[in-house]
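The residues making up each chain are set out below.
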Amino acid sequence: MIISASRRTDIPSYYSEWLINRLTEKYVLVRNPMNIHQVSKIDLSPDVVDAIVFWTKNPTPMLPYLEQIKDYTYYFQFTLSAYGPDVERNLPSKNKIIIPTFQKLSKEIGKEKVIWRYDPIFFNGQYSMEYHCKYFEVLASKLADYTEKCTVSFMDLYRNTERNVKTLNIVKDTYEMQVELLQRFVEIAKEHGLYIDTCAEIGDFHNIGVEHAHCIDRERIERIGEFKLSVDKDTNQRAECGCVASIDIGAYNTCKNGCLYCYANYSSNTVEKNFVMHNPKSPLLFGEIDDTDVIKERKVKSLIDNQMNLFALLYLLKTFLIYLQHH
């Protein structure tokens, strides 16, 4: 089983203590977003959790807890783009806090475990083609030694997103605009030893060297964990999404980053209300279980292929060489 933590909210930024408590107690309760009184109990023991994928814009609060997740295979999807507080309203200073955190996190856990995301991309009078390229260059120069690639995507205007971004006067991008931006990003990335891929984009950019990303990535998990996984594509995501199957333990309307383009928050008032109900010691992200709730234990299992494979052989070889060095 792969845990997504979380597409629905920024757990590392706002709920790190809660997450560590859940991993310590080895289970979590998650409400069904379509029926909140249906609650799944999910086993979080290392025996069944093959990997955790964290999604965040500011994992600074999680840095003190890295030692406590060492028994898990994991990596971070770290979004860091060029928008100011007019768009990402509650993020701390990127130069003073977020970029240094990106660098520190990578030093601590390895750059293969920190994926840079520059998304979602939109254009308006301020955030023009030139603006994006200028600041992508600035960020690439600061992050190049701390990651392997940058995943990008262009903004999709969902109903609640469209309402929230109305004040930004966004110019609808064309395929030609997307190609031009990506071509320039590819050139900048190459100069810094990085590569670009896209997240859930319909457009085909193969001819300019940009492939589709797999944000919950079987191959990356296998490389980090040194095992093989037997896992299929996530059928709950859009057709363009390349992610493999995972279980999300977050909740909508709980992220306090305040990004205007966010699809996971429908109401800032609801976010504040839910955040007040957060208890780091509760098995739920917010609120408590009551008599109207039905809890069912979700059947989960490890997806690791236990047959001998290349990773296992390499591990045995490495162990044998260490043995020889000491005998």
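Use the structure listed above.
So, how was this worked out
- Residues numbered from 1 in each chain as written.
- Predicted model: local features only at pLDDT ≥ 70, side-chain atom pairs only at ≥ 80, totals over all residues.
- Heavy atoms only, no water.
- Pairing = 2+ DSSP bridges.
- Helix = DSSP H or I, 4+ residues; strand = E, 2+ residues; numbered from the N terminus.
- Buried < 20%, exposed > 50% of the residue type's maximum accessible area, 1.4 Å probe, protein only.
- Phe/Tyr/Trp six-rings, centres within 6.5 Å; stacked < 30°, edge-to-face > 60°.
- Contact = heavy atoms within 4.5 Å.
- Axes fitted to C-alpha atoms, helices over the stretch in contact; angles between N-to-C directions.
- Parallel < 35°, antiparallel > 145°, perpendicular 65-115°, else oblique.
- Left-handed = near helix turned anticlockwise from the far one by under 90°.
- Nonpolar A, V, L, I, M, F, W, Y, C, P; charged D, E, K, R; others polar.

Observations regarding the pairing of strand β8 (residues 195-198)
- Pairing geometry for strand β7 (residues 149-154) and β8, over four bridges, is parallel. Across the sheet, residue Cys150 finds its bridge partner in β8, namely Ile196.
- Inspection of the sheet shows β8 paired to strand β9 (residues 211-212) by two bridges, in the parallel sense. Residue Thr198 lies in a different strand from β9, and its bridge partner there is His212.

Here we look at unusual backbone geometry
- Between Ala5 and Ser6 the backbone carries a cis peptide bond, its omega angle lying at 0 degrees.
- That bond from Asp119 to Pro120 is cis: its omega, -5 degrees, falls within 30 degrees of zero.
- Along the chain, Pro120 turns up in strand β6 (residues 114-121).
- With a phi angle near 60 degrees, Asn253 is a residue other than glycine that sits in the positive phi range.
- Look at Asn253 and you get buried, because its relative accessible area is 9%.

Section: the packing of aromatic side chains
- Counted according to the given criterion, the structure contains 19 aromatic pairs.
- Seen in terms of ring centroids, Tyr83 and Tyr127 are 5.0 Å apart; in terms of plane orientation they differ by 80 degrees. Their pairing is edge-to-face. Here Tyr83 is found in the loop between β5 (74-79) and α3 (94-109), whereas its partner Tyr127 is found in the loop between β6 and α4 (129-143), with 44 residues between them in sequence. Grouping residues by exposure puts Tyr83 and Tyr127 together as buried.
- Ring centres 3.9 Å apart and planes at 10 degrees place the aromatic pair Phe136 and Phe185 in the stacked group.

Notes on the sheet that holds strand β11 (residues 247-248)
- Spatial strand order, β9-β8-β7-β6-β5-β4-β1-β11: eight strands in an open sheet with parallel pairing. Across the chains shown, the open sheet's two edge strands, defined by having one partner strand only, are β9 and β11.
- With two bridges connecting them, strand β1 (residues 2-5) and β11 associate as parallel partners. Bridged to Ile3 within β11 is Ile247.
- Against the sheet, helix α6 (residues 175-191) contacts β6, β7 and β8, and its axis sits at roughly 150 degrees relative to β8.

Description of the packing of α4 against α6
- Closest axis-to-axis distance for the α4/α6 pair is 10 Å, and the angle between their directions is 20 degrees. Between α4 and α6, the crossing angle belongs to the class labelled roughly parallel. Where α4 crosses over α6, the two elements pack in a sense that is right-handed. Across the interface between the two elements, Met129, Glu130, His132, Cys133, Phe136, Glu137 and Ala140 from α4 touch Met177, Glu180, Leu181, Arg184, Phe185, Ile188, Ala189 and Glu191 from α6.
- Looking at the contact of α4 with α6, its residues break down into nine nonpolar, one polar and five charged.

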